[in-house]
Amino acid sequence: MSVPAEPADARAEIHVRLERVGKTFPGRGRRAAPVVVLDDVSLEVRRGEVFGVIGSSGAGKSTLLRLINGLETPTSGRVYLGERELGALNERGRREARGDTGMIFQQFNLFRSRTVAGNVAYPLKVAGVGQPERDRRVARLLAFVGLLDRAHDHPERLSGGQKQRVGIARALATEPSLLLVDEATSALDPETTGEVLALLGQVNRELGVTIVIVSHELDVIRSLADRVAVLDVGRVVETGTVYDVFTRPRTTAAARLIGTDLRERPSPATLARLRSGPGGGRLVTVRVREGDGEGERAEERGGARPGLAHVFLAHQVAAEVVFGGIRELQGRPAGSLTFELSGADAAVDAALAALRADGVDVVEEPAGNA
Amino acid sequence: MHEFLDNLAVYREAIRQTLFIVSISVVAGGALGLVLGLVLYATRAGNLFANRAAFLIVNVLVNVVRPIPFVIFLTAIQPLMLHTIGTTIGTNAVTFALSLSAAFAISRIVEQNLLTVEPGVVEAARAAGARPISILLTVLIPEALGPLILGYTFIFVAVVDMSAQAGLFGGGGLGDFAITYGSQRYNWPIVYISVATIVVLVQAGQFLGSWLARRALRR
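Quick caveat: nothing in here was measured; it's all calculated off a predicted structure. (Residues numbered from 1 in each chain as written. Chains lettered and ligands numbered in written order. Predicted model: local features only at pLDDT ≥ 70, side-chain atom pairs only at ≥ 80, totals over all residues. Heavy atoms only, no water.)

**Focus: the overall build of chain B**
To be explicit about the condition: The secondary structure listing takes helices from DSSP runs of H or I that are at least 4 residues long and strands from runs of E that are at least 2 residues long, numbered from the N terminus. Computed with a 1.4 Å probe, the accessible areas rest on the Shrake-Rupley method; for each residue, only the protein chains presented here act as cover. Under the convention used here, Asp and Glu are negative, Lys and Arg are positive, and both His and the chain ends fall outside the count. Charge positions are represented by NZ for Lys, CZ for Arg, CG for Asp and CD for Glu.
Helices and strands together make up the secondary structure of chain B, namely eleven helices and zero strands. Along chain B, helices and strands appear, N-terminal first, in the series α-α-α-α-α-α-α-α-α-α-α. Accessible surface computed for chain B: about 10,900 Å², of which carbon and sulfur atoms make up 68%. One finds the centroid of the 13 positive side-chain charges in chain B at a distance of 9 Å from the centroid of its 9 negative side-chain charges.

Rendered as structure tokens:
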């Protein structure tokens, strides 16, 4: 159970490692049962990657982050930052470790009593950086997040997106190698969300900062993360690249969270509408995913892509795209297409069997009464 | 009116005594109250120095002492005064008692205002690696500064009010002047001049407090 779902690449250095971590909070009130927030969580974050944690609210995402910067201590298991085990450090050691870990928050948590520059300077003051060096670094960070002209404003005069950019600058002040991002865009509008995500991507690529981002928003994880862990009521049910997990969730919990995202199947109303058309063929939904169909039979095709059209043609089945779409996910195509297949029933069956034999995910839409 | 002019020196002395009692009480009581308030806030469950026993003790102490009327409080702590400052009457004795009384009152105000600071702000400071004691002093107090100043202003007015009772224990002050030279001799001008002086004092304090709070809140 404790073995990570996906063994880490031996060459990649592990930046954060959770080993069978559990966290239980005492129940509120004398008779309340203790609350298990995290249960036997193991995962590894590689240095330099963006690691997403997705889960519905209350799944334990924020607690997971707080364990990584030592603001919470696990009830069981161990948390490693590189080679260091946090539990082996005393409070002072953990405080020092926090200098190498930045954190940004959903509600920004800026100091209202300080100016923008004062907010960014705070972690530097804590770290004992002298005034001239502090000023230099604050100016550089504010230039990086595009807020140099607002240095002397107080946070209440900024928009939500600007506040979060100050939060990012503050989190990066001590030049940490790890950035923890807690639902950083959930309080922002879609456009601002895009800007903040782009900035976080820049932080990862240009500064080489490892990012662990937790969110309940699929868009956030999809656009930023390299790999993702799916958290469901305190357990990691799945870990893998965003492409793999989003295009082929292996567990029902993951499918429930992600399933509606990329595997869009027509709603019953749309199905009824499609069936009322002139075609009258059978409706099947095919998941389009790079790598599918590259099984044993791929050899016969000389390693070519499955070639849906080729299979349909070979079985003398006419296929019409009636629903679906393919988009880009981590630079690769992903999506689903619903076909209306016309031809002899036996021929359609044979074509579907051939696709399934190639490892293509095919679902026949149930015949309605329409 | 000539009685007032005859007693001008007494009046001046009364103002001096009131200012002495009030300023020492607000500063000393304010400092002690700040410490007590910080302890109340910090030892509360889930906070920086969460400690059930410490919170319980201080909380009960504050709850017991705070509602005691000042005149009775001053009488009740006479043994303590004898031990610490060696007297139970006079300006110093009254100032000592008033400082203590003000400290307990201000402790609740400090605690309440610190509790209004967003916990997320403390979280951000902790995530930056700050020590808890430094978070109390350099994050929590600045974040709550505006309301804290208004709270201290409120206590200043209450202290002026309580200082009028100093005469009962030989502490002098404007209250004593108004009673012994004023009402007891049916000399109403002296009563009203004393009242006016206290009103001016309170107004000046309130004005200063509001002005400082506005600056802290940037409104």
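**Concerning the pairing of strand β1 (residues 14–25) of chain A**
All names here are of chain A. Selection criterion: Should DSSP find at least two bridges between two strands, the strands are taken to pair.
In terms of strand pairing, β1 meets strand β2 (residues 35–46) through eight bridges, oriented antiparallel. Within the sheet, the bridge partner assigned to leucine 18 lies in β2 and is leucine 43. As defined by bridge partners, β1 adjoins strand β4 (residues 76–81) across five bridges and the pair is classed as antiparallel. Of the residues in β4, the one forming a bridge with glycine 22 is serine 76.

**Some remarks on the packing of aromatic side chains**
For the record, the criterion: Working definition: rings of Phe, Tyr and Trp (its six-membered ring) pair if their centres are within 6.5 Å, and the pair is stacked with planes under 30 degrees apart, edge-to-face with planes over 60 apart, and tilted otherwise. Throughout this description, buried means an accessible area under 20% of the type-specific maximum (1.4 Å probe, protein chains only), exposed means over 50%, and partly exposed covers the range between. Counted as over-ring charges are cases with an Arg CZ or a Lys NZ within 6 Å of the ring centre that also lie within 35 degrees of the ring normal.
Applying the stated criterion across every chain, the model contains six aromatic pairs over all chains. Centroid distance tyrosine 11 of chain B to phenylalanine 177 of chain B: 5.7 Å. Interplanar angle 50°. Geometry classified as tilted. Taken together, the positions of tyrosine 11 of chain B in helix α2 (residues 8–43) and phenylalanine 177 of chain B in helix α10 (residues 174–182) put the pair 166 residues apart, joining distant regions of the chain. In this structure tyrosine 11 of chain B comes out as buried when scored by relative accessible area, which is 14%. Relative accessible area serves as the criterion here: at 2%, phenylalanine 177 of chain B is assigned to the buried category. For the pair tryptophan 188 of chain B and tyrosine 192 of chain B, a centre-to-centre distance of 6.5 Å together with 35° between the ring planes defines the contact as tilted. Residue tryptophan 188 of chain B and its partner tyrosine 192 of chain B are both found in helix α11 (residues 188–217); the two are separated by four residues, about one turn of the helix. Ring pairing ties together the aromatic residues Phe4, Tyr11, Phe177 and Tyr181 of chain B, which thus form one cluster. The ring of tyrosine 80 of chain A has arginine 17 of chain A lying over it, and the distance from NZ or CZ to the ring centre is 4.4 Å. The positively charged end of arginine 114 of chain A is found above the aromatic ring belonging to phenylalanine 111 of chain A, 5.6 Å away from the centroid.

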